[in-house]
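Descriptive analysis of the structure
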Amino acid sequence: MKKNKAQLWDMVQFIFRNYYDRMIHAILWFNGLVDQDAVRASVRHIVDKAEVLRSTFRAGFFRPKWVVNDLDDTGQLVQVINADDVEKASFECISQSFSYKEKLQIRVFIVQDGTKSAIAFLVNHMCFDGGDFGYFLKKFVECYNSVLRTGSCEGVEIKTGSRDADQLYQGMSPERAKEAKGLYKNVSRTGVKHKFAFSDDKHDLATRFTVKRLTEEQLTAIKTKAKSVGASLNDVLLAGYLRAIANQLALGPDEIVNVTSMVDLRRHLPDRQTQGMTNMTGFMPCKIAVVGDDFATTLSRVTEQTKKAKADPNLGLYGLPLLKLAFTIFPYAIAEAAIRIGYVNPLIGMSNIGTVDPQKFKLDGVNMTDAFMTGATKYKPYVQVTFNGFAGEGRMCIAQKCSEKDQKIISDFLDDMVAQMVEFAQKP
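The text that follows walks through the structure, step by step, so that each part is easy to find. In this numbering scheme, every chain counts its residues from 1 along its sequence in written order. The predicted nature of this model means local features are confined to residues of pLDDT at least 70 and side-chain atom pairs, given and counted, to a pLDDT of 80 or more, with totals for whole chains, interfaces and linings taken over all residues. Side-chain descriptors were evaluated using all non-hydrogen atoms of the structure, hydrogens and water having been removed beforehand.

Remarks on the overall build of the chain
The secondary structure content of the chain amounts to 12 helices and 15 strands. What the globule rule says is 2.2 Å times the number of residues to the power 0.38, and the radius of gyration is computed from C-alpha atoms. Taking 2.2 N^0.38 as the reference for a compact globule, 428 residues should give roughly 22 Å; the C-alpha atoms of the chain span a radius of gyration of 21 Å, in line with that estimate. In terms of overall dimensions, the chain has a C-alpha envelope of 60 × 55 × 45 Å along the principal axes. The rule is simple: take the accessible area with a 1.4 Å probe, protein chains only, and divide by the maximum for that residue type; under 20% is buried, over 50% is exposed, in between is partly exposed. Here the chain holds 428 residues, and 55% of them are scored as buried. The contacts of the chain with a sequence gap of at least 6 include a subset with a gap of at least 24, amounting to 79%. In this description a helix means any DSSP run of H or I spanning at least four residues, a strand means any run of E spanning at least two, and both kinds are numbered starting from the N terminus. Contacts: residue pairs with any heavy atoms within 4.5 Å of one another.

Structural data, given as structure tokens:
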């Protein structure tokens, strides 16, 4: 039985399992019926090559590992669900979660109503992050179209190289690598204790996805206005997020608020690609006295911080050596206890997943009509806003295990965030 060493962020995601569900969630909608056999063949090909997707995670006392399972023994790769309401049924599919002890670390669902369909994906975040999930989806499309055009996808290459975080340093000069490997600063500890104002409800808790949309007109206006003041779309999202938090908590003008963004560490790789499908993320805190006189003031403070952070050649690398040291010098069980004490999961987080181009994700015979992607479902008091673009539009989502009362709070919060950004874009 083959065993592969668990990598840095595999273990960190596992340690934080009490803070979120460890799942990546995505749905792709199409204007026709997808070919079920092509979907099955495509998923099977990728899972066969990417061993972590057909492995069982075992923590153990000394060193966690992935035990690779034979593909024929893993169980059903793709489930087909017939439903009257495709959208509702698709979200129900990704509202699930599954154990790291399972033989298969991915679930794929075809949801259809006779005229249109959706493909829903649920993946253990311990296997890879949003960056390599995007790679997975591109390869899925390539495989699917290859099956329809040639009858097979065996010729589609899937990367199977190292999943080790040490590949971050391989393209650096010896001096640069030495510096990066000495960045022990623990950026997860920001000293800011403000929390999202959830209700005290402890009953009726369920996975709920609250999604708000920015129209193409709104998103274009926001990008144009942001560019005119030297800011990025991500800066505007952060400013809107920070001001909505300040409003929700009724904070004074000098009170500090922090939102921690996830950084794709592929920026430090020579070709911006990992050798194998893996997690490669870091933290970028944005801590400011948030309110100011208006949105423009908040945005200028955010932009100042993010420009400084992006100019730092070590962006996102801080704290990784500290995590590696803990896993190196201690048996895993002790390292987990130490990391729980010293390393802090962000209370308020944001992740810009990027844009889905329907032309690049086109399946032969059907056109994509919509796409939804988000990271892990957070547990109170932790919260995260994710953003993804599609065909010129924007989608903001908070995936939360919460009550109906909490979801109303979340909905109002996202409405405030959207309203502030739209108002900013409309001002002369």
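Looking at the pairing of strand S11 (residues 348-356)
Pairing between strands is defined by DSSP: at least two bridges between them are needed. Note: strand S9 (residues 256-264) against S11, two bridges, orientation parallel. Bridging from a neighbouring strand, Thr260 pairs with Gly349 of S11. Two elements, S11 and strand S14 (residues 383-390), share eight bridges in a ladder whose sense is parallel. Directly across from Ser351, in S14, lies its bridge partner Thr386.

Focus on the sheet that holds strand S1 (residues 3-5)
The three strands lie next to each other as S1-S4-S3, forming an open sheet whose pairing is antiparallel. Looking at the sheet topology across the chains shown, the edges are occupied by S1 and strand S3 (55-58). When the angles between neighbouring strand axes are averaged without regard to direction, this sheet yields 30 degrees. Where S3 meets strand S4 (residues 65-68), four bridges bridge the pair, whose relative direction is antiparallel. Looking at S4, one finds that Thr56 is bridged to Val67. Axes here refer to lines fitted to C-alpha atoms; in helices the fit is confined to the stretch in contact. Angles between the N-to-C directions go from 0 to 180 degrees.

Let's talk about the pairing of strand S7 (residues 117-124)
Along a regular strand, successive side chains alternate from one face of the sheet to the other. Judged by how many residues are buried, S7 sits mostly within the fold: eight of eight residues are covered. Every second residue of S7 is oriented toward a common face, with Ser117, Ile119, Phe121 and Val123 on one face and Ala118, Ala120, Leu122 and Asn124 on the other, all of them buried. As paired elements, strand S2 (residues 23-30) and S7 share eight bridges and run antiparallel to each other. From the neighbouring strand, Ala26 faces S7, where its bridge partner is Phe121. With seven bridges joining them, strand S6 (residues 106-112) and S7 adopt antiparallel strand pairing. Within the sheet, the bridge partner assigned to Phe109 lies in S7 and is Ala120.

Observations regarding the sheet that holds S7
Taken in spatial order, the five strands of this open sheet run S5-S6-S7-S2-S12, and their pairing is mixed. In this open sheet, the two edge strands, each paired with only one partner strand, are strand S5 (78-82) and strand S12 (368-374). Adjacent strand axes in the sheet meet at a mean angle of 15 degrees, parallel and antiparallel pairs treated alike. With respect to the sheet, helix H2 (residues 36-49) is in contact with S5, S6 and S7, its orientation differing from that of S6 by roughly 170 degrees.

Observations regarding the packing of helix H10 (residues 320-329) against helix H11 (residues 332-342)
Relative to each other, H10 and H11 sit at 145 degrees, their axes nearing to 7 Å. Taken together, the residues of H11 that come into contact with H10 (itself represented by Leu323, Ala326 and Phe327) are Tyr332, Ala335 and Ile339.

Focus on helix H9 (residues 295-311)
Expected helix span is computed as 1.5 Å times (number of residues minus one). End to end, H9 covers 24 Å across 17 residues, agreeing with the expected 24 Å (1.5 Å per residue, within 8%). For H9, the complete set of buried residues consists of Phe295, Thr297, Thr298, Leu299, Val302, Thr303, Thr306 and Ala309.

Quick look at the pattern of salt bridges
We define a salt bridge as a side-chain nitrogen of Lys or Arg found within 4 Å of a carboxyl oxygen belonging to Asp or Glu. Applying the stated criterion across every chain, the model contains 23 salt bridges. Note that Arg208 and Asp204 form a salt bridge whose closest N and O atoms lie 3.3 Å from each other. For Arg208, a relative accessible area of 13% corresponds to the buried category. As a salt-bridge pair, Asp412 and Lys408 come within 2.7 Å of each other at their nearest N and O atoms.

Considering the environment of Leu28
Tracing the backbone through its elements, the reader meets Leu28 in strand S2. Judged by its relative accessible area of 1%, Leu28 falls in the buried class. In this structure, the C-alpha to C-alpha distance between Leu28 and Gly394, residues 366 residues apart in sequence, is 15 Å.

Quick notes on unusual backbone geometry
Between Lys380 and the following residue, Pro381, the backbone shows a cis peptide bond with an omega angle of 10 degrees. Looking at the element boundaries, Pro381 is found in the loop between strand S13 (378-379) and S14. Phi at Asp204 is positive, roughly 60 degrees, even though this residue is not glycine. Secondary-structure assignment places Asp204 in the loop between helix H6 (174-180) and strand S8 (206-214). Phi angles above zero are rare outside glycine, and Ala250 is one such case at about 50 degrees. For Ala250, a relative accessible area of 65% translates into the label exposed.

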